[in-house]
Amino acid sequence: YARMNPGVGYVQGMNEICAPMYYLFAQDPLSSIESIEADTFFCFSLVMAEMQDAFVEDLNHTQGGMFGRMQHADEVLQHFDRPLWA
């Protein structure tokens, strides 16, 4: 993925998105390693198309960047579960 998307590259945390997909596809006894890897890459690419701004360091402080997303999560938690947020 990082080779095909040099603007994003590899960032810590991507493996935590990819690994559960790989695990899920690997549970199919009829799948070959090639199809497991291809299906995982395809699904990971789709997820990253939606999330890639969160992994671009230059966008960290924008709404779609990691800090912006964390701020949004903080605001949602504060609104819906104030005791947990505090």
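Rules used in this analysis
- Residues numbered from 1 in each chain as written.
- Predicted model: local features only at pLDDT ≥ 70, side-chain atom pairs only at ≥ 80, totals over all residues.
- Heavy atoms only, no water.
- Axes fitted to C-alpha atoms, helices over the stretch in contact; angles between N-to-C directions.
- Helix = DSSP H or I, 4+ residues; strand = E, 2+ residues; numbered from the N terminus.
- Parallel < 35°, antiparallel > 145°, perpendicular 65-115°, else oblique.
- Left-handed = near helix turned anticlockwise from the far one by under 90°.
- Contact = heavy atoms within 4.5 Å.
- Nonpolar A, V, L, I, M, F, W, Y, C, P; charged D, E, K, R; others polar.
- Patch = residues over 30% accessible without salt bridge, like charges linked within 9 Å, V, L, I, M, F, W, Y side chains within 5 Å.
- Areas by Shrake-Rupley, 256 points an atom, 1.4 Å probe, with all protein chains shown as cover.
- Salt bridge = Lys/Arg side-chain N within 4 Å of Asp/Glu carboxyl O.
- Buried < 20%, exposed > 50% of the residue type's maximum accessible area, 1.4 Å probe, protein only.
- Phe/Tyr/Trp six-rings, centres within 6.5 Å; stacked < 30°, edge-to-face > 60°.

**Q** So what's going on with the packing of helix α1 (residues 14-26) against helix α2 (residues 33-51)? Residues and values would help.
**A** At their nearest, the axes of α1 and α2 sit 9 Å apart, and the two run at 140° to each other. Between α1 and α2, the angle is such that the two are oblique. The element α1 and its partner α2 pack so that their crossing is right-handed. Only Ile33, Ile36, Glu37, Asp39, Thr40, Cys43, Phe44, Val47, Met48 and Met51 of α2 make contact with α1, whose side of the interface consists of Met14, Ile17, Cys18, Met21, Tyr22, Phe25 and Ala26. Taken together, the residues that form the contact of α1 with α2 break down as 14 nonpolar, 1 polar and 2 charged.

**Q** Can you break down a nonpolar patch on the surface residue by residue, with the values?
**A** Residues Leu77, Leu84 and Trp85 make up a contiguous nonpolar surface patch of about 270 Å² in total accessible area. Relative to the helices and strands, leucine 84 is located in helix α4 (residues 82-85). A relative accessible area of 58% places leucine 84 in the exposed class.

**Q** So what's going on with the packing of aromatic side chains? Residues and values would help.
**A** Enumeration according to the criterion identifies 1 aromatic pair in this entry. Ring plane angle 80° and centroid distance 5.2 Å describe the contact between tyrosine 1 and phenylalanine 44, whose orientation is recorded as edge-to-face. Here the residue tyrosine 1 occupies a position in the segment before α1, and phenylalanine 44 occupies one in helix α2, the gap between them amounting to 43 residues. Overall, tyrosine 1 belongs to the buried group, its relative accessible area being 18%.

Read these as spatial facts, not as claims about activity.
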